[in-house]
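Read off the chains here:
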Amino acid sequence: MELVLDGVRKVFGGVVAVADVSAVIPQDQVTALIGPNGAGKTTLFNAVTGFDPPDQGTITFGGRRINGLPPWRVAELGLIRTFQTPVGFTTLTVRESMLAAATPWFMETPRGAFGLGPGFGRKGRKLERDAEIRTGEIAAELGLEDLLDVRTDELSAGDRKLLEFARQLMAQPKMLLLDEPAAAVAPANIGRLSQLVRRLCDERGLGSLIIDHNLSFLMQIADEVHVLDQGVLIASGPPEAIAADPEVMRVYLGEQAAEGAGP
Ligand SMILES: Nc1ncnc2c1ncn2[C@@H]1O[C@H](COP(=O)(O)OP(=O)(O)OP(=O)(O)O)[C@@H](O)[C@H]1O
Ligand SMILES: [Mg+2]
């Protein structure tokens, strides 16, 4: 299965945020999407996940066209970005928060809007039981098993990040889409985050598409890197090739030089 972008374009007023981007993103590898501020990275994520559909082009996942689908349908197909239910860090316990994420997309469906669950009777009870089993398994996998009964607002920043991953995994993703996962993580915990993303990919075959400004973090874990600049995909390839690409250097050094020249 793969995520395929073909001529994806998004314009805001006069600004071409994403200019005819075509790329193939395999499901079972770690793919990085980098580029300076305003390059169009988040716009592309919004297009893929149905939050803000593209003006032109097609997006398919596993051969199935997904542009035009609402976010809950995209999530249901296994492209998991964030959760529709705003849970945040509250008086919910880790266990409760994870269970609430088991069917995040469902709340936005027409049935969900009428308060009808994903299943009643036997089917509903089976779904609940499955979710409870998955909660235990995923908590163990991420090292959260001793924290299941702890309130989420009492977690350390590092454990909150792990809980975010745990909640994404509860939704049974086929691919994770992470917009700046390292941004709020203390430098000391970035290694732990890298290991987790790498392990999910190597052991579970669960790949991810990651946007981040922390290039050393991405270069360590990515199998392939795509570089956007002003909406245009200027380079794609393995991290070593990208790091040695003069055009990529120019984009990044240009940005640094501009910052250095500021007041
Ligand atoms: N909803 C919007 N309305 C108008 N312009 C927008 C909108 N969203 C994004 N843009 C513009 O589109 C361009 C791409 O923005 P985008 O947020 O996708 O960049 P980005 O690569 O995610 O940047 P950053 O690294 O700062 O998060 C920018 O010029 C931005 O100002
Ligand atoms: Mg962004």
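In the block above lies the structure referred to throughout.
All of these numbers come straight from a predicted model, not from anything done at the bench.

A.B. asks: Sorry if this is basic, but what is going on with helix α7 (residues 187-204) here?
C.D. replies: Residues that lie three or four places apart on an α-helix share one face, since the helix turns once every 3.6 residues. A rise of 1.5 Å per residue sets the reference length of α7, with its 18 residues, at 26 Å; its end C-alpha atoms lie 26 Å apart and thus fit the reference within 8%. Within α7, the full set of buried residues consists of Ile190, Leu193, Ser194, Leu196, Val197, Leu200 and Cys201. Looking down the long axis of α7, one finds its buried residues gathered within 160 degrees of arc, a one-sided arrangement. Structural note: α7 exposes Ala188, Gln195, Asp202 and Glu203 on the side pointing more than 90 degrees away from its buried face. Downstream of α7 by a residue or two, Gly205 has a phi angle that is positive, lying close to 70 degrees.

A.B. asks: Looking at this structure, I do not really get the nonpolar core. What am I missing?
C.D. replies: Nonpolar side chains in soluble globular proteins tend to end up buried together. Judged by nonpolar contacts, the single largest core of 46 residues is most densely connected at Ile34, Met98, Leu142, Phe165, Ile210 and Phe217. Each of domain 1 (1-83 + 173-263) and domain 2 (84-170) contributes no fewer than three residues to this core. Of all hydrophobic cores here, the second largest spans 24 residues; its members include Leu5, Val21, Ala47 and Met175.

A.B. asks: In this structure, what is going on with the pairing of strand β2 (residues 15-26)? I would like to understand it.
C.D. replies: The side chains of a regular strand alternate, first on one face of the sheet and then on the other. Where strand β1 (residues 2-12) lies against β2, eight bridges are found, and the strand directions are antiparallel. When the sheet's bridge partners are listed, Phe12 is paired in β2 with Val15. Between β1 and the antiparallel strand that follows it, β2, lie two residues; Gly13 among them carries a positive phi value of about 55 degrees.

A.B. asks: What am I meant to see in the sheet that holds strand β3 (residues 30-34) here?
C.D. replies: Sheet strands pair via backbone hydrogen bonds, and the direction of the pair is either parallel or antiparallel. Judged by pairing direction, the sheet is mixed, and its six strands sit side by side in the order β6-β7-β8-β3-β9-β10 without closing on themselves. The sheet is open, and its two borders are formed by β6 (79-80) and β10 (232-237), each paired with just one other strand. Sheet topology note: the β3/strand β8 (residues 208-211) ladder contains four bridges and is parallel. In the strand pairing of β8, Leu33 is matched with Ile211.

A.B. asks: Before we go on, may I ask you to explain the site of ligand 1 in this structure?
C.D. replies: If you check the shell around ligand 1, you find 13 residues, and the closest are Gly38, Lys41, Thr42, Thr43 and His213. One nitrogen or oxygen atom from the main chain of Ala39 is found 3.1 Å from an oxygen atom belonging to ligand 1. One nitrogen or oxygen atom from the side chain of Thr43 is found 2.5 Å from an oxygen atom belonging to ligand 1. For the shell around ligand 1, the elements supplying multiple residues, two or more each, are β2 and α1 (41-48). Broken down by element, the residue count for the shell around ligand 1 peaks at three residues, all from α1.

A.B. asks: Looking at this structure, I do not really get unusual backbone geometry. What am I missing?
C.D. replies: Across residues other than glycine, the phi torsion is negative in most instances, and most of the peptide bonds are trans. One non-glycine residue, Gln172, lies in the positive phi region at around 55 degrees. Tracing the backbone shows Gln172 in the loop between α6 (157-170) and β7 (175-179). Backbone geometry places Glu180, a non-glycine residue, at a positive phi of 55 degrees. With respect to the helices, strands and loops of the structure, Glu180 is situated in the loop between β7 and α7. Given the relative accessible area of 28%, Glu180 is considered partly exposed.

Each value, and the rule that gives it
- Residues numbered from 1 in each chain as written.
- Chains lettered and ligands numbered in written order.
- Predicted model: local features only at pLDDT ≥ 70, side-chain atom pairs only at ≥ 80, totals over all residues.
- Heavy atoms only, no water.
- Helix = DSSP H or I, 4+ residues; strand = E, 2+ residues; numbered from the N terminus.
- Expected span 1.5 Å × (residues − 1).
- Buried < 20%, exposed > 50% of the residue type's maximum accessible area, 1.4 Å probe, protein only.
- Arc of directions from axis to C-beta.
- Core = buried A, V, L, I, M, F, W, Y, C linked by side-chain atoms within 4.5 Å.
- Domains from an automatic or database assignment.
- Pairing = 2+ DSSP bridges.
- Near = heavy atom within 4 Å.
- Polar contact = N/O pair within 3.5 Å; in protein donor to acceptor, adjacent residues only side chain to side chain.

These figures come from the coordinates and say nothing about function on their own.
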